[in-house]
Amino acid sequence: MTALDNYHRRMLRVLDYIEKHLDDDLDLETMSGVAAFSKFHFHRQFKALFGVSVHRYIQLARLRRASQQLVDGHADSVTDVAVGAGYSAPDAFARVFRQRFGQSPSSFRRSPDWEPWLAAIRPLNIARSKVMQVIFDPDAVNVRQVSLVRIAIFEHRGDPEGVDATIQRFIAWRKAAGLSPRTSPTFSIWHSERRPANPAEYAIDLCVGLAADHAFETLGEPVKVGEIPAGRCAVLRVTGDTHDLEPAALFLYREWLPASGEEMRDFPIYCQRFFPEDPGRAAEADIFLPLK
């Protein structure tokens, strides 16, 4: 490992720590300690590498979670969301929320405008993509038999820049349809690379697991029924930042598969996402590579 690789890994530890500890006091001393850098230089190092200050990154990460809580119904009130985002006064939270996303929290909950939201959180995605080079352990991959899953499918086809807006429509639809992540599993099926040469070829299915006899309302959305077939799969769990799972998928394709002697089955790679009820726990996702 080069000195630069080691430097990047230390800084990525900070991003992972932030995602797992959004409810904690993320002060400069704590962040510099996670990276094992001097606190007198850390804030400059962070901004130079990620293009955004550590303070703004933490604020955006908390506001992103807060905005998702507003639309997916995990919180009872705007005040609860404000407290979870680190604001003791709802007015202060509302002011910052409006500055970042162009809507009040209440207005966003009723009818979110996703274009300003996407623009505001883009620094989070850009920061991690600059140095993303996660190292996975082959021993963490398990081969197991999975059962058939009946699913409701919400498709995104076209430019990946619009997928976040599609995800939010999907969240709003499943909430209205009564398909909570707490009771109905969440899957994504990848039919293309995350960044294909031709953006029009990007394709992903956002899916909700359904019981065999479960009927649901499409509510005006182009939702269809399908299935994830039973069969053997290589499974890799990702914990912490699950917003970009491409490094885990590429590890399975490029490193684990050639060394395993296994062959792929004729079904796309997919993932199942897990959303802990305790906001202090890290999110998790299982990546499934179908095998013969």
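Right above here is the structure, for reference.
Residues numbered from 1 in each chain as written. Predicted model: local features only at pLDDT ≥ 70, side-chain atom pairs only at ≥ 80, totals over all residues. Heavy atoms only, no water.

Draft legend 1. The nonpolar core, seen in detail. Formed by 43 residues in total, the largest nonpolar core has its most connected members in Ile 18, Phe 42, Phe 46 and Phe 93. Those elements that provide at least two residues to this core are helix H1 (3–20), helix H2 (28–35), helix H3 (39–50), helix H4 (54–72), helix H5 (78–84), helix H6 (90–101), helix H8 (114–131) and helix H9 (163–176). Considering each element in turn, this core owes the most residues, nine residues, to H4. Apart from the residues lying within four places of it in its own chain, the contact partners of Ile 18 are Leu 26, Met 31, Tyr 57, Ile 58 and Ala 61. Of all hydrophobic cores here, the second largest spans 33 residues; its members include Ala 152, Val 208, Ile 269 and Leu 289. (Core = buried A, V, L, I, M, F, W, Y, C linked by side-chain atoms within 4.5 Å. Buried < 20%, exposed > 50% of the residue type's maximum accessible area, 1.4 Å probe, protein only. Helix = DSSP H or I, 4+ residues; strand = E, 2+ residues; numbered from the N terminus. Contact = heavy atoms within 4.5 Å.)

Draft legend 2. Up close: a negative patch on the surface. Side chains of Asp 24, Asp 25, Asp 27 and Glu 29 sit close together on the surface and give a patch of like negative charge. Checked against the element boundaries, Glu 29 lands in helix H2. The exposure class assigned to Glu 29 is exposed, which follows from its relative accessible area of 53%. (Patch = residues over 30% accessible without salt bridge, like charges linked within 9 Å, V, L, I, M, F, W, Y side chains within 5 Å. Areas by Shrake-Rupley, 256 points an atom, 1.4 Å probe, with all protein chains shown as cover. Salt bridge = Lys/Arg side-chain N within 4 Å of Asp/Glu carboxyl O. Lys, Arg positive; Asp, Glu negative; His and termini not counted. Charge placed at Lys NZ, Arg CZ, Asp CG, Glu CD.)

Draft legend 3. Representation of the packing of H2 against H3 within the structure. It is the contact of H2 with H3, at a shortest axis distance of 9 Å, that shows an interaxial angle of 80 degrees. Taken together, the axes of H2 and H3 are roughly perpendicular relative to one another. Across the interface between the two elements, Leu 28, Glu 29, Met 31, Ser 32 and Ala 35 from H2 touch Lys 39, Phe 42 and His 43 from H3. Partitioning the contact of H2 with H3 into residue classes produces four nonpolar, two polar and two charged. (Axes fitted to C-alpha atoms, helices over the stretch in contact; angles between N-to-C directions. Parallel < 35°, antiparallel > 145°, perpendicular 65-115°, else oblique. Nonpolar A, V, L, I, M, F, W, Y, C, P; charged D, E, K, R; others polar.)

Draft legend 4. Up close: H9. Between the first and last C-alpha of H9 there are 20 Å, a value that for 14 residues agrees with the 20 Å anticipated at 1.5 Å per step. Residues Val 163, Ala 165, Thr 166, Gln 168, Phe 170, Ile 171, Trp 173 and Arg 174 constitute the buried set of H9. (Expected span 1.5 Å × (residues − 1).)

Draft legend 5. Quick peek at unusual backbone geometry. Phi is positive for Ala 36, close to 60 degrees, though the residue is something other than glycine. Relative to the helices and strands, Ala 36 is located in the loop between H2 and H3. Judged by relative accessible area, Ala 36 falls into the partly exposed class, the value being 47%. Even without glycine at this site, Leu 219 takes up a positive phi of about 55 degrees. Looking at the element boundaries, Leu 219 is found in the loop between strand S4 (203–210) and strand S5 (223–228).

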